[in-house]
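Survey of secondary and tertiary structure
The lines below spell out each chain.
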Amino acid sequence: LECGGKNPAVVFKDVENLDRVAAHVVNGAFWNMGENCSASSRLIVHQDIKDELLTLIGQHMSEWQTGNPLDPNNSIGSLVSNAHFNKVKSYIDIAKQGEHQIRFGGKAENNFVEPTVVDNVSATSQLFQEEIFGPVLAVTTFAEDNEALKLANDTIYGLTGAVYSDNIKKAIKAARAIRAGVVTINCF
């Protein structure tokens, strides 16, 4: 029985269209305020392309405004309850401590949490291991492909995953190696 998700989006170094990947990662992480069991809440990206990808993610995030969901200009509404808001906010408070770095977002008030990207998240961090169920994306880097797959499988969850690579053989092999019910390739 799968009762949650902490789903990885693994981005290999060989991806050429990082802008397309950024659009998929943003949609996967922030759609429905991240209150989605299949949300891509962990970005596992090759260290050589991380900065460029995060820049593009930031550009795509500018389209995801937070506010009244009845306003068509807003993509992110309030979280489902006060209690849930407090839970998600507690993870943002954790992100503001230690070695974590909030790259984008981080504002949380009145049951609204703006899309937040947290960099420098280690595999032992609560942000990496626990389901936040809100608009918070944890970013972790890797140097070797086998390390990426180990990171992707390093949680108790196994609902979904995504693999981004221009090498279809590598992508299929990685998708098969990720322990999850559904793994998409080059999309969310």
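Another aspect to go through is the environment of valine 80. Examined against the element boundaries, valine 80 turns out to sit in the loop between strand E4 (74–76) and helix H3 (82–95). When the C-alpha positions of valine 80 and tryptophan 31 are compared, they lie 14 Å apart, and in sequence the two are 49 residues distant.

A word on the sheet that holds strand E9 (residues 136–142). The seven strands lie next to each other as E5-E8-E9-E2-E1-E10-E11, forming an open sheet whose pairing is mixed. Two strands in the sheet have a free side with no partner beyond their single neighbour: strand E5 (101–104) and strand E11 (182–185). Looking at each pair of strands side by side, their axes are set apart by 25° on average, direction ignored. In the sheet, strand E1 (residues 7–11) pairs with strand E2 (residues 40–46) via five bridges, with the strands oriented parallel.

It is worth spelling out empty space enclosed by the protein at this point. Under the defined criterion, the tally for this structure stands at two cavities of 30 Å³ or more. Every residue lining the largest cavity is listed: Gly5, Lys6, Ala29, Gly34, Asn36, Ala39, Ser41, Glu131, Ile132, Phe133, Gly134 and Val136. In the lining of the largest cavity, the residues fall into five nonpolar, five polar and two charged. Reported here for the second largest cavity is a volume of approximately 40 Å³. The residue makeup of the lining of the second largest cavity, split by class, is five nonpolar, four polar and three charged.

Quick notes on the rules
Residues numbered from 1 in each chain as written. Predicted model: local features only at pLDDT ≥ 70, side-chain atom pairs only at ≥ 80, totals over all residues. Heavy atoms only, no water. Helix = DSSP H or I, 4+ residues; strand = E, 2+ residues; numbered from the N terminus. Pairing = 2+ DSSP bridges. Axes fitted to C-alpha atoms, helices over the stretch in contact; angles between N-to-C directions. 1 Å grid on protein atoms, 1.4 Å probe; cavity = no way out; pocket = protein on both sides within 12 Å on 5 of 7 lines; lining within 4 Å. Points joined across faces, edges and corners; volume = space filled by probe spheres on them. Nonpolar A, V, L, I, M, F, W, Y, C, P; charged D, E, K, R; others polar.

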